[in-house]
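Structural description and commentary
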Amino acid sequence: MSSLYWHTTGTGDRDLVLLHGWGLNAEVWQNIVPRLSPHFRLHLVDLPGFGRSQGFGALTLADMAQQLLPQLPERAVLLGWSLGGLVASQIALMQPERVTALISVASSPCFTAHEDWPGIKPETLESFQQQLSNDFQRTVERFLALQTMGTENARQDARQLKDVVLSQPMPSVAVLEGGLEILREVDLRAQLPQLAMPLMRLYGSLDGLVPRRIAKQLDEALPRSPSIVMEKAAHAPFVSHPDTFCQHIIEFIQAVTC
């Protein structure tokens, strides 16, 4: 039987749903919960199959979004990091009336590199998928190390992400493969301009998985959507620069939901 982990905390009067990335769980937000909880009612979610959300197999992006919708507040700001950014975008496309604003963090509507689009090389994602069956814990650790590479405290930040993974049940190989398949195959570039709600995009200048050049290309496709490139941050800016990160979130939500 499947069960979705969903924890609500905070004293604010606006709902903010936090959706984590591939291989991780809601504990990844532990740095920023104390900073955001005075301002918002936070909803901490383990995506289906990850962490404490057990009993799920590999899901498509639409299936994953569908699993979250029944527990979503009637109106909420969605913040999605990496894979979570795709999930948040999919929810906003499926039920826009439920989403007051959308924030994507180190995310891309298309994670795979194409001739005219920067991203992760297809062979890199295929390599991760192949290695999962042999030694999936080491494969996850390698992926986490890529997320902090180049930051001033890269080793410490990677250890923090690893501790988050190990603090909760590990996802199955099938769930991890399904998540990589979403990163490899999904392309929402043509659909994002349909979104009418406020959208902010946050990037790390040192991110090796979602290159900063994506910000500029989406600025042209989404002219009403502000983008912020955080200097000296990589793929997990809320880990390396929590104060600056939270200030951007608070200011944006206050501006668009007051």
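This text goes with the structure placed above it.
A brief report on the enclosed structure follows. (Residues numbered from 1 in each chain as written. Predicted model: local features only at pLDDT ≥ 70, side-chain atom pairs only at ≥ 80, totals over all residues. Heavy atoms only, no water.)

1. Side note on the overall build of the protein chain
The number of helices and strands found in the protein chain is nine helices and seven strands. Dimensions of the protein chain, computed from the C-alpha atoms along their principal axes, are close to 50 × 45 × 35 Å. Expressed as a percentage of its 258 residues, the buried residues of the protein chain come to 54%. A gap of 4 Å separates the mean positions of the 20 positive and 26 negative side-chain charges of the protein chain. (Helix = DSSP H or I, 4+ residues; strand = E, 2+ residues; numbered from the N terminus. Buried < 20%, exposed > 50% of the residue type's maximum accessible area, 1.4 Å probe, protein only. Lys, Arg positive; Asp, Glu negative; His and termini not counted. Charge placed at Lys NZ, Arg CZ, Asp CG, Glu CD.)

2. A closer look at the nonpolar core
One finds Leu16, Trp22, Trp29, Trp81, Phe238, Phe245 and Ile249 to be the most contacted residues of the largest nonpolar core, which totals 90 residues. Looking at this core, the element that brings in the most residues is helix α3 (residues 83-94), giving seven residues. Excluding anything up to four places from it in sequence, Trp22 contacts Phe50, Leu83, Leu132, Val140, Phe143, Leu176, Gly179, Leu180 and Leu183. (Core = buried A, V, L, I, M, F, W, Y, C linked by side-chain atoms within 4.5 Å. Contact = heavy atoms within 4.5 Å.)

3. Brief notes about the packing of aromatic side chains
Counted by the stated rule, this structure contains six aromatic pairs. Between Trp22 and Phe143, the aromatic rings sit 4.7 Å apart at their centres with planes inclined by 70°, giving edge-to-face as the arrangement. Of this pair, Trp22 sits in the loop between β2 (15-19) and α1 (33-36) while Phe143 sits in helix α4 (residues 122-148), placing them 121 residues apart in sequence. On the basis of relative accessibility, which here comes to 2%, the residue Trp22 falls in the buried class. (Phe/Tyr/Trp six-rings, centres within 6.5 Å; stacked < 30°, edge-to-face > 60°.)

4. Observations concerning the environment of Pro171
Secondary-structure assignment places Pro171 in the loop between α5 (154-166) and α6 (173-185). Owing to a relative accessible area of 4%, Pro171 belongs among the buried residues under this scheme. Taking the C-alpha atoms as reference points, Pro171 and Ala26, 145 residues apart in sequence, are found 13 Å from one another. Those residues in contact with Pro171, other than ones at most four positions away along the chain, are Gly23, Gly49, Phe50, Phe136 and Leu176.

5. Description of the sheet that holds strand β1 (residues 6-9)
What the seven strands build is an open sheet, ordered β1-β3-β2-β4-β5-β6-β7; its pairing is mixed. Edge positions in the sheet fall to β1 and β7 (227-230), since each of these pairs with one other strand and no more. Between one strand axis and the next, the sheet turns through 20° on average, direction left out of account. Taken together, the four bridges between strand β6 (residues 199-204) and β7 define a ladder with parallel strand orientation. The partner of Gly204 across the bridge, within β7, is Met230. Here α3 sits on the sheet and contacts β2, β4 (76-81) and β5 (99-105); the angle it forms with β4, its principal contact strand, is near 145°. (Pairing = 2+ DSSP bridges. Axes fitted to C-alpha atoms, helices over the stretch in contact; angles between N-to-C directions.)

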